[in-house]
Amino acid sequence: NQEPEFKIWASRTIKKKWVDSGTAKPIERFVSNFETLHIGFMRLGQTKTVHKTEIANNFLAVCHNFDGNKQNSPFLSKEDQLSGVNANLTGGTLEATWFLPYEESEMKEMTCVLNLRGSAHQYKAQSQLI
């Protein structure tokens, strides 16, 4: 059983820009050097009516005032025809996206949103990272 790896070096070149909602000053930071809030989504059981990834994408859509357009969904679900990824091969992967605040948003800080592919019961080590 292999320990999960978090490859922070892969994010060292990711730079985010946004305007601080309190001061209206522009901010530009590398995400690897900036302390952010984190919100994690993980499946704890089975449901037949709604999928965890759908909840995560809808949460981000509300935060960004999107109209639920699939093109704005950062996390791929099993139902996405475009993904072409076998879900068995990606289980245990932590997907990440960043919410960047804007003037009208309820959330006022840059926030990293994580999505665990698969069940938290099956991938306990990865769920501990969240």
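Scoring rules and cut-offs
Residues numbered from 1 in each chain as written. Predicted model: local features only at pLDDT ≥ 70, side-chain atom pairs only at ≥ 80, totals over all residues. Heavy atoms only, no water. Helix = DSSP H or I, 4+ residues; strand = E, 2+ residues; numbered from the N terminus. Buried < 20%, exposed > 50% of the residue type's maximum accessible area, 1.4 Å probe, protein only. Contact = heavy atoms within 4.5 Å. Areas by Shrake-Rupley, 256 points an atom, 1.4 Å probe, with all protein chains shown as cover. Pairing = 2+ DSSP bridges. Axes fitted to C-alpha atoms, helices over the stretch in contact; angles between N-to-C directions. Salt bridge = Lys/Arg side-chain N within 4 Å of Asp/Glu carboxyl O. pLDDT = per-residue confidence, 0-100. Phe/Tyr/Trp six-rings, centres within 6.5 Å; stacked < 30°, edge-to-face > 60°.

**Remarks on the overall build of the chain**
Alright, step 1. Within the chain, the secondary structure is distributed over three helices and five strands.
Alright, step 2. Reading the secondary structure of the chain in the N-to-C direction produces β-β-β-α-α-β-β-α.
Alright, step 3. Of all 130 residues assigned to the chain, the portion counted as buried reaches 31%.
Alright, step 4. Long-range contacts, defined as pairs at least 24 residues apart, comprise 49% of the intrachain contacts of the chain with a sequence gap of at least 6.
Alright, step 5. Of the roughly 9300 Å² of accessible surface on the chain, a fraction of 51% belongs to carbon and sulfur atoms.

**A look at the sheet that holds strand β3 (residues 37-43)**
The strands making up a sheet associate through backbone hydrogen bonding, with each pair oriented either parallel or antiparallel.
Alright, step 1. Here we have three strands laid out as an open sheet, ordered β3-β5-β4, and mixed in their pairing. In this open sheet, the two edge strands, each paired with only one partner strand, are β3 and β4 (94-99). The sheet shows a mean angle of 20° between the axes of neighbouring strands, taken without regard to direction.
Alright, step 2. Each of β3, β4 and β5 (111-119) is contacted by helix α1 (residues 52-63), which is oriented at about 150° to β3, the strand it contacts most.

**Observations concerning the pattern of salt bridges**
Alright, step 1. All chains considered together, the criterion is met by two salt bridges.
Alright, step 2. E28 is the salt-bridge partner of K15, the closest N and O atoms lying 3.0 Å from each other. Taken together, the positions of K15 in strand β1 (residues 15-19) and E28 in strand β2 (residues 26-30) put the pair 13 residues apart, joining distant regions of the chain.
Alright, step 3. On the basis of relative accessible area, E28 is assigned to the partly exposed category, the value being 41%.

**Focus on the confidence of the model for the chain**
Alright, step 1. When the pLDDT values of the chain are averaged, the result is 78; 82% of them are 70 or greater.
Alright, step 2. Least confident of the elements in the chain is helix α2 (residues 87-90), whose mean pLDDT is 58; most confident is β3, at 90.

**Considering the packing of aromatic side chains**
Alright, step 1. The final tally for this structure, using the stated rule, is one aromatic pair.
Alright, step 2. Here F41 and F59 contribute two aromatic rings whose centre-to-centre distance is 5.8 Å and whose plane-to-plane angle is 55°, an arrangement assigned as tilted. Remark: F59 occurs in helix α1 and F41 occurs in strand β3; sequence separation between them is 18 residues.
Alright, step 3. Residue F41 is classed as buried on the basis of its relative accessible area, which comes to 15%.
Alright, step 4. Owing to a relative accessible area of 27%, F59 belongs among the partly exposed residues under this scheme.

**Considering unusual backbone geometry**
Alright, step 1. With phi around 65°, A24 is a residue other than glycine that occupies positive phi space.
Alright, step 2. Of note, A24 is situated in the loop between β1 and β2.

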